[in-house]
Amino acid sequence: LLPVKVMTSESFAALLRRSPLIQMGPARDKVVVGRIIHVVKDDLYIDFGGKFHCVCRRPAVGGEKLQRGSRVRLRVQDLELSSRFLGGQTDTTLLEAQAVLLGPLETRDGRDHQN
Amino acid sequence: MAGSRLERVGTVFSRVRDLMCSGVMKPADKPIWFDVYEAFPPKKEPLYVKTKTRTFVNKQSNVPAIFYAEDKVRAWFYEHYGTGSRSFDLSNSNFVSVCQRFVLKYSELKSHSELEDSALYEMTAKALLSEGITLKQRARHPVSLIKAHVHTHTHTHTPDQLTCTHEEKQNFQGTHGK
């Protein structure tokens, strides 16, 4: 669990302005750090702090080390998979982000931390 | 079609009349109101009229886009240096990415000096280099790549080509790690 931060008097607008989401800008091709929240056989559900989680397939090489709680590196393609069908009034969303799994998060000493 | 029991096709009368005409409904099953309706039809035919649903007028225009002054700097940064050498940690609200450092340094220099934008960008890159953050220029658009390729044959190594060596990258990760 992340340490609880003391509440400052900063407004939400100020917090948003310097938040990493705004720093990131357009999400396409940005490398982010994610955490695996759920595993279904070969599907890894990874939360990277965006609006939705993403689902990636377990890689063939070194895939056994990736379990629930592992931190991984992802290349984000889309924060939300949504598009409008012909004749629709609103977009239809999959409630999922799309990202490419790059591999486990390598720390300085070479081990990947498990939270 | 002999008749339809769907309540929105025609009127009740037309439906019952058609059902009787076709023989689906026997004369013995004729409803009591049928002859009455035939003799004294109502002023307004009870036809179901679909109310015109308003087509989706662009309501999104009421919501303004969120743009900050530093977005211009960020756009320049991402165009020239690609996505940045460090991965983003979105769950940490105090996270400062390479781009953000660039933006902060840029605004700092802008407040002190009166140079124009392009010169300020160069200065910011040099200032970050002195702090230990090296920025790798990313490959440009293929058209400009061809032009750049032609130029590199004539020009020698320019100071703008800041390449990231392995040791510097490790040092950078060491000082700015979580």
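Please read these numbers as outputs of a predicted model, since none were measured by experiment. (Residues numbered from 1 in each chain as written. Chains lettered and ligands numbered in written order. Predicted model: local features only at pLDDT ≥ 70, side-chain atom pairs only at ≥ 80, totals over all residues. Heavy atoms only, no water.)

Chemist: Would you take a moment to explain the overall build of chain B for this structure?
Modeler: Tallying secondary structure elements over chain B gives seven helices and zero strands in all. Ordered by position from the N terminus, the helices and strands of chain B form the series α-α-α-α-α-α-α. Put simply, 49% of the contacts in chain B that link residues at least 6 apart link residues at least 24 apart. (Helix = DSSP H or I, 4+ residues; strand = E, 2+ residues; numbered from the N terminus. Contact = heavy atoms within 4.5 Å.)

Chemist: Where do I start with the pattern of salt bridges in this structure?
Modeler: A pair can form between side chains of opposite charge whenever their charged atoms are brought close. All names here are of chain B. Enumeration according to the criterion identifies nine salt bridges over all chains in this entry. Here D18 and R17 are joined by a salt bridge, their closest N and O atoms 3.6 Å apart. Overall, R17 belongs to the partly exposed group, its relative accessible area being 37%. (Salt bridge = Lys/Arg side-chain N within 4 Å of Asp/Glu carboxyl O. Buried < 20%, exposed > 50% of the residue type's maximum accessible area, 1.4 Å probe, protein only.)

Chemist: Which parts of the structure should I look at to understand the pairing of strand 1 (residues 30–40) of chain A?
Modeler: If a strand is regular, its side chains alternate between the two faces of the sheet. All names here are of chain A. Pairing between strand 1 and strand 4 (residues 71–78): six bridges, direction antiparallel. In the sheet register, G34 faces strand 4, and the bridge partner there is V72. Relative to strand 2 (residues 43–47), strand 1 runs antiparallel, the two sharing five bridges. Along strand 2, the bridge assignment pairs V40 with D43. (Pairing = 2+ DSSP bridges.)

Chemist: Would you explain the confidence of the model for chain B in this entry?
Modeler: Any residue range with low pLDDT should be treated as having predicted coordinates unsuitable for detailed reading. All names here are of chain B. Taken as a whole, chain B shows an average pLDDT of 74; of its residues, 69% reach a score of 70 or greater. Within chain B, the element-level pLDDT minimum falls on helix 7 (residues 166–175), averaging 44, and the maximum on helix 2 (residues 33–39), averaging 94. The low-confidence segment residues 142–148, where pLDDT is below 50, has one contact with residues more than four positions distant or belonging to other chains. Across residues 152–178, where pLDDT falls below 50, the model places 24 contacts with residues more than four positions away in sequence or in other chains. Confidence metrics for the complex model read pTM 0.60 and ipTM 0.75. (pLDDT = per-residue confidence, 0-100.)

Chemist: I tried to follow helix 1 (residues 12–22) of chain B on my own but got confused; where do I start?
Modeler: Each full turn of the α-helix corresponds to 3.6 residues, which orients residues three or four apart in the same direction. All names here are of chain B. Of the positions making up helix 1, those classed as buried are F13, S14, R15, V16 and L19. Of the surrounding secondary structure, the elements contacted by the buried residues of helix 1 are helix 2. Immediately downstream of helix 1, the backbone of G23 shows phi near 100°, a positive value.

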